[in-house]
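What the coordinates show
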Amino acid sequence: MTTEGQYRKNISPGKEVEIVLKKDQRTGEKTKGIVQDILTNSPSHPHGIKVRLSDGQVGRVKNIIY
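In this report, the structure presented in the accompanying data block is examined. (Residues numbered from 1 in each chain as written. Predicted model: local features only at pLDDT ≥ 70, side-chain atom pairs only at ≥ 80, totals over all residues. Heavy atoms only, no water.)

You can see R60 is positioned in strand β4 (residues 58-65). Comment: no salt bridge for buried R60; closest opposite-charge side chain is D24, at 13 Å. Ignoring anything within four residues of it in the chain, the contact list for R60 reads E18, I19, V20, T40, H45, H47, G48, I49 and K50. (Helix = DSSP H or I, 4+ residues; strand = E, 2+ residues; numbered from the N terminus. Buried < 20%, exposed > 50% of the residue type's maximum accessible area, 1.4 Å probe, protein only. Lys, Arg positive; Asp, Glu negative; His and termini not counted. Salt bridge = Lys/Arg side-chain N within 4 Å of Asp/Glu carboxyl O. Contact = heavy atoms within 4.5 Å.)

Two elements, strand β1 (residues 16-21) and strand β2 (residues 30-38), share 5 bridges in a ladder whose sense is antiparallel. The residue bridging V20 from the neighbouring strand is K30, located in β2. Sheet topology places β2 next to strand β3 (residues 50-53); 3 bridges connect them, and they run antiparallel. When the sheet's bridge partners are listed, I38 is paired in β3 with V51. (Pairing = 2+ DSSP bridges.)

Another aspect to go through is the packing of aromatic side chains. This structure, assessed with the given rule, holds 0 aromatic pairs. The ring of Y7 has K9 sitting right over it, with the charged end atom 4.8 Å from the ring centre. (Phe/Tyr/Trp six-rings, centres within 6.5 Å; stacked < 30°, edge-to-face > 60°. Lys NZ or Arg CZ within 6 Å of the ring centre and 35° of its normal.)

In this section: the sheet that holds β2. In space, the 4 strands of this closed barrel follow the order β1-β2-β3-β4, with antiparallel pairing throughout. Shown here is a sheet whose adjacent strand axes are inclined to one another by a mean of 70 degrees, direction ignored. (Axes fitted to C-alpha atoms, helices over the stretch in contact; angles between N-to-C directions.)

Right, let's get into the pattern of salt bridges. Within this structure, the stated rule accounts for 2 salt bridges. With its nearest N and O atoms 3.5 Å apart, the salt bridge here joins K23 to D24. Note on K23: relative accessible area 69%, which makes it exposed. Residue class for D24 comes out buried when judged on its relative accessible area of 7%. As a salt-bridge pair, R52 and D37 come within 2.8 Å of each other at their nearest N and O atoms. Here the residue R52 occupies a position in strand β3, and D37 occupies one in strand β2, the gap between them amounting to 15 residues. By relative accessible area, D37 is classed as partly exposed at 26%.

If you want it as structure tokens, here you go:
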């Protein structure tokens, strides 16, 4: 697993990312989408920065898609 999703500086609105939704934390199933808002205020988080996608779903960033 990459650690880039744990750092706020790597994430900005408009980036395509893979997140894990709260309901999918047990399975680790990822959801792909475009970042609308960054919800985590601290510069880093061990489980990934929490974001809201453009479709309204909220989860923690696991991968950034380049």
